[in-house]
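# Breakdown of the fold
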Amino acid sequence: MQSAIQAYHQAVEYVRRDELQEAIDAFSEAIRRNPKLAVAHHGRGVTHAIRGDLVRAIKDCDRAIRLKPTVPRFYRARGLIYRQIGDEAMARADLSTYERLSTKREG
């Protein structure tokens, strides 16, 4: 039986091979096994965005941020998705948070 981390790594490999539905399925399996695995929510959200399903992408990024609100790349991903859907105010807010958290981690 595959662990959540193993399913997550399998999903990342599917993304690398551009097998996006398989990646979404594997991220979903990782989330099923560990609903608190924020990187799996983030990965699935980014994969949804690549496929053009921006509503699901935002929902997954929201979950990742709720679970781990100090991870800069989660805000960057959601900000770029908001930009794609034309919500520039939300995009700016998330990208600003990304910059702030990134600078905080460096300093």
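Scroll up for the structure.
None of these values were measured; they are calculated from a predicted model. (Residues numbered from 1 in each chain as written. Predicted model: local features only at pLDDT ≥ 70, side-chain atom pairs only at ≥ 80, totals over all residues. Heavy atoms only, no water.)

For His42, the position within the fold is in helix α3 (residues 38-50). Accessibility expressed as a relative area gives 13% for His42, which makes it buried. The contacts of His42, once residues within four sequence positions are left out, are Asp60, Ala64, Arg73, Phe74 and Ala77. (Helix = DSSP H or I, 4+ residues; strand = E, 2+ residues; numbered from the N terminus. Buried < 20%, exposed > 50% of the residue type's maximum accessible area, 1.4 Å probe, protein only. Contact = heavy atoms within 4.5 Å.)

Another point: the pattern of salt bridges. Inspection of every chain in the model, using the stated rule, returns 11 salt bridges. Two residues, Arg33 and Glu29, come together in a salt bridge whose shortest N-O distance is 2.7 Å. Taken together, the positions of Arg33 and Glu29, both in helix α2 (residues 20-33) and four residues apart, correspond to about one turn of that helix. Residues joined in a network through salt bridges with shared partners are Glu13, Arg16, Arg17 and Glu19. (Salt bridge = Lys/Arg side-chain N within 4 Å of Asp/Glu carboxyl O.)

Angle between the axes and distance between the axes: these two values describe a pair of packed helices. Two numbers describe how helix α4 (residues 54-67) lies on helix α5 (residues 72-85): the axes approach to 10 Å, and their chain directions differ by 155°. One finds that α4 runs roughly antiparallel with respect to α5. Between α4 and α5 the crossing geometry is left-handed. Where α4 abuts α5, its residues Leu54, Ala57, Ile58, Cys61, Asp62, Ala64 and Ile65 lie against Phe74, Tyr75, Ala77, Arg78, Ile81, Tyr82, Gln84 and Ile85. Grouping the constituent residues of the contact of α4 with α5 by class yields 12 nonpolar, one polar and two charged. (Axes fitted to C-alpha atoms, helices over the stretch in contact; angles between N-to-C directions. Parallel < 35°, antiparallel > 145°, perpendicular 65-115°, else oblique. Left-handed = near helix turned anticlockwise from the far one by under 90°. Nonpolar A, V, L, I, M, F, W, Y, C, P; charged D, E, K, R; others polar.)

In terms of nonpolar packing, the biggest core is built from 12 residues, these being Ala4, Ala7, Tyr8, Ala11, Tyr14, Ala23, Ala26, Phe27, Ala30, Ile31, Leu37 and Ala40. Of all the secondary-structure elements, those providing two or more residues to this core are α1 (4-16) and α2. Look past the residues within four positions of Ala30 in its chain and what remains in contact with it is Ala4, Ala7, Tyr8, Leu37 and Ala40. Counting nine residues, the second largest nonpolar core, distinct from the first, contains Ala57, Ile58, Ala77 and Ala91. (Core = buried A, V, L, I, M, F, W, Y, C linked by side-chain atoms within 4.5 Å.)

What follows deals with unusual backbone geometry. Of note, the phi angle at Asp18 is positive, near 60°, even though the residue is not glycine. By secondary structure assignment, the location of Asp18 is in the loop between α1 and α2. What makes Asp18 exposed here is its relative accessible area of 58%.

Turning next to the packing of α1 against α2. Two numbers describe how α1 lies on α2: the axes approach to 8 Å, and their chain directions differ by 165°. Classified by the interaxial angle, the pair formed by α1 and α2 is roughly antiparallel. Judged by the twist between their axes, the crossing of α1 over α2 is left-handed. Residues Ala4, Ala7, Tyr8, Gln10, Ala11, Val12, Tyr14 and Val15 of α1 form the contact with α2, whose participating residues are Leu20, Glu22, Ala23, Ala26, Phe27, Glu29, Ala30 and Arg33. When its residues are assigned to classes, the contact of α1 with α2 shows 12 nonpolar, one polar and three charged.

Throughout the structure, instances matching the rule amount to one aromatic pair. Between Tyr8 and Phe27, the ring centres sit 5.8 Å apart and the planes meet at 55°, which makes this aromatic pair tilted. On the criterion of sequence distance, the pair formed by Tyr8 in helix α1 and Phe27 in helix α2 is long-range, its members being 19 residues apart. You can call Tyr8 buried: its relative accessible area is 18%. (Phe/Tyr/Trp six-rings, centres within 6.5 Å; stacked < 30°, edge-to-face > 60°.)

Limitation: the analysis is restricted to geometry and does not speak to function.
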